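Analysis of the macromolecular model
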Amino acid sequence: MSNAHDLLFRALADPTRRAIFERLCRGGEQTVGALTAAAGVSQPAVSKHLGQLKQAGLVSDRQAGRQTHYSARTGALAPLVDWTKQMGSFWERTFDDLEDLLKRMDQ
């Protein structure tokens, strides 16, 4: 798996980061202050989480005066979706093969 994939999976492994990302997906662009109010952690912690989400390509930011606005980049989830499909196909084939083996053993 590539480093970009590792960053994506690592970023989404943390429940606070997932919650922040989900909030941006559902609510659209938000400031750090708005995200902090809903996150249940300090502003420095939210900023650190946003930095990791940005590094993974999951969020983008834009400056507007003294505030930074963050928005989700849902297209960045494509590698996760692809991996999930590949693993789903793998397990489906594996279970089909197991079912065939069990049928042959019953005969």
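Note: the structure precedes this text.
Not measured: the values here are computed from a predicted model.

Within the chain, the secondary structure is distributed over five helices and three strands. Of the regular secondary structure in the chain, the N- to C-terminal order runs α-α-β-α-α-β-β-α. Expected size for 107 residues packed as a compact globule is a radius of gyration near 13 Å; at 20 Å, the chain overshoots this value by more than 25%. If you line up the chain on its principal axes, its C-alpha atoms span 75 × 25 × 20 Å. For the chain, with 107 residues in total, the buried portion stands at 23%. A separation of at least 24 residues holds for 55% of the contacts in the chain among residues at least 6 apart in sequence. Taken as a whole, the chain presents about 7200 Å² of accessible surface, with 53% of it coming from carbon and sulfur. Averaged over its 14 positive side-chain charges, the chain has a centre that lies 13 Å from the centre of its 12 negative ones.

L8, A11 and L12 are the residues of helix 1 (residues 3-13) that are buried. Down the axis of helix 1, the buried side of the element spans an arc of 90 degrees, and every buried residue falls inside it. Along helix 1, exposed side chains directed more than 90 degrees from the buried face belong to N3, R10 and A13. Lining the buried residues of helix 1 we find helix 2 (15-27), helix 4 (43-55) and helix 5 (78-106).

Conventions we followed
Residues numbered from 1 in each chain as written. Predicted model: local features only at pLDDT ≥ 70, side-chain atom pairs only at ≥ 80, totals over all residues. Heavy atoms only, no water. Helix = DSSP H or I, 4+ residues; strand = E, 2+ residues; numbered from the N terminus. Rg over C-alpha atoms; globule rule 2.2 N^0.38 Å. Buried < 20%, exposed > 50% of the residue type's maximum accessible area, 1.4 Å probe, protein only. Contact = heavy atoms within 4.5 Å. Areas by Shrake-Rupley, 256 points an atom, 1.4 Å probe, with all protein chains shown as cover. Lys, Arg positive; Asp, Glu negative; His and termini not counted. Charge placed at Lys NZ, Arg CZ, Asp CG, Glu CD. Arc of directions from axis to C-beta.

Purely spatial values, then, with no claim about function.
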